[in-house]
Amino acid sequence: MTPEFKTDAKPSRGRPRGRSQQSRDTEQKLFRIALDQFKTRGFKEATLRDIAKEAGVSVGLLYRYFPNKQAILLRLYEDLTLTFVSKTQSLPQETWQVRFGVAMGTCLKVLGAERPLMVALLPTLVSHGEQGVLADSTRSSRQRVQAVFRAVVCASRLPPQGETAAQLGDILYLVHLSVILFWCLDRSPNQEATEGLLKVLDSLLPAVGLAMKLPGARKRIHRVHHLLRAAQLN
């Protein structure tokens, strides 16, 4: 039987340990005020000076926690990944196709409350800099989400055998990133086009499961997984 992949139930945030509670409280206060400023004034219009003034602190103190607005968005991304992982700890004991649909629905529900800021995060999402979503500094957040999609397959009912299960999970992680990008760019009312896309995926995935039983299917999964690793998208 394929071993179940455990998601990180108690993930660390990757920030320095040993900080005082007062420091953590200050960071959380600045973070919440920053998000409120982004929502009321808009991400482009709100400035760090505005945030510091609203919080009643110096700009220098704000810089210690968040050197720029992108750092605030990355903190939001980190928090959203933690929420997503928490909400997907008990996926139904179903096929991987069904579990993927549940995981994607949960993902978009978690992101939905922060959609305007997720749209603002897009340039950071594709950035290769140290403050990009794909940077080394955010690797732990990506790996937590990737572990969810590995568990979607590996802990499913009748998963693929051997390493194919984990590799398929990694590919589904890439599919989930593509859906998020589509959702961020979707201008249809209430993102109805994204809903339609998910329904199309739901109808296609059973056929993918059948195709995986054909000769050579596992080699193709392995090849796609190799390309995913080569592109450093995990």
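Residues numbered from 1 in each chain as written. Predicted model: local features only at pLDDT ≥ 70, side-chain atom pairs only at ≥ 80, totals over all residues. Heavy atoms only, no water.

Moving on: the overall build of the protein. The helix and strand inventory of the protein stands at eleven helices and zero strands. Sorting the 234 residues of the protein into buried and exposed places 46% on the buried side. Pairs at least 24 residues apart make up 70% of the contacts formed inside the protein by residues separated by at least 6 positions. Total accessible area computed for the protein in this model is approximately 13,100 Å², and 56% of it derives from carbon and sulfur atoms. (Helix = DSSP H or I, 4+ residues; strand = E, 2+ residues; numbered from the N terminus. Buried < 20%, exposed > 50% of the residue type's maximum accessible area, 1.4 Å probe, protein only. Contact = heavy atoms within 4.5 Å. Areas by Shrake-Rupley, 256 points an atom, 1.4 Å probe, with all protein chains shown as cover.)

Enumeration over the complete set of coordinates arrives at four aromatic pairs. Judged by centre distance (5.0 Å) and plane angle (70°), the ring pair of Phe38 and Phe43 falls under edge-to-face. No difference in accessibility class separates Phe38 from Phe43, as the two residues are buried. Between Phe84 and Phe149, the aromatic rings sit 6.0 Å apart at their centres with planes inclined by 25°, giving stacked as the arrangement. One end of the pair, Phe84, is in helix α4 (residues 69-87); the other, Phe149, is in helix α8 (residues 139-154), and 65 residues separate them in sequence. We classify Phe84 as buried; its relative accessible area is 3%. Members of the aromatic cluster, joined through ring pairs, are Phe84, Phe100 and Phe149. The ring of Phe31 is capped by Arg75, whose NZ or CZ atom sits 4.3 Å from the centre of that ring. (Phe/Tyr/Trp six-rings, centres within 6.5 Å; stacked < 30°, edge-to-face > 60°. Lys NZ or Arg CZ within 6 Å of the ring centre and 35° of its normal.)

Let us now look at the confidence of the model for the protein. Per-residue pLDDT for the protein averages 87, and the proportion of residues at 70 or more is 88%. At the low end of the mean pLDDT range in the protein sits helix α7 (residues 122-125), at 75; at the high end sits helix α5 (residues 96-112), at 97. For the stretch residues 1-14, pLDDT sits under 50, and the model shows 29 contacts to residues farther than four places along the chain or on other chains. (pLDDT = per-residue confidence, 0-100.)

Our next topic: the pattern of salt bridges. Per the counting criterion, the structure on display carries six salt bridges. The partner of Asp50 in a salt bridge is Arg41, with the nearest N and O atoms 2.9 Å apart. (Salt bridge = Lys/Arg side-chain N within 4 Å of Asp/Glu carboxyl O.)

Right, let's talk about the nonpolar core for a bit. Grouped together as the largest cluster of nonpolar side chains are 61 residues, with contacts concentrated most on Phe38, Ile72 and Phe149. Sort the elements by how many residues they give to this core and helix α9 (residues 164-185) lands first, with ten residues. (Core = buried A, V, L, I, M, F, W, Y, C linked by side-chain atoms within 4.5 Å.)

As a further point, take the environment of Asp186. Of note, Asp186 is situated in the loop between α9 and α10 (192-211). As for Asp186 and Val119, which are separated by 67 residues in sequence, their C-alpha atoms are 10.0 Å apart. Beyond its immediate chain neighbours, meaning those up to four positions away, Asp186 contacts Arg115, Gln191, Glu192, Ala193 and Thr194.

The next subject is the packing of helix α1 (residues 21-41) against helix α2 (residues 48-55). Running from N to C, α1 and α2 cross one another at 120°; their axes reach a closest spacing of 9 Å. Comparing the axis directions of α1 and α2 gives the class oblique. The interaxial crossing formed by α1 with α2 has right-handed handedness. In this structure, α1 uses Lys29, Leu30, Ile33, Ala34, Gln37, Phe38 and Arg41 to contact α2, whose residues at the interface are Asp50, Ile51, Glu54 and Ala55. Classifying every residue of the contact of α1 with α2 gives six nonpolar, one polar and four charged. (Axes fitted to C-alpha atoms, helices over the stretch in contact; angles between N-to-C directions. Parallel < 35°, antiparallel > 145°, perpendicular 65-115°, else oblique. Left-handed = near helix turned anticlockwise from the far one by under 90°. Nonpolar A, V, L, I, M, F, W, Y, C, P; charged D, E, K, R; others polar.)

Here Ala193 lies in helix α10. In this structure the C-alpha to C-alpha distance between Ala193 and Trp183, which are ten residues apart in sequence, comes to 8.2 Å. What Ala193 contacts, discounting residues up to four positions off in sequence, is Phe182, Asp186 and Ser188.

Here the focus is unusual backbone geometry. Its identity is not glycine, yet Leu158 carries a phi of approximately 55°, on the positive side. The residue Leu158 is located in the loop between α8 and α9 in this model. For Leu158, a relative accessible area of 72% gives the class exposed. Backbone geometry places Asn190, a non-glycine residue, at a positive phi of 55°. Examined against the element boundaries, Asn190 turns out to sit in the loop between α9 and α10.

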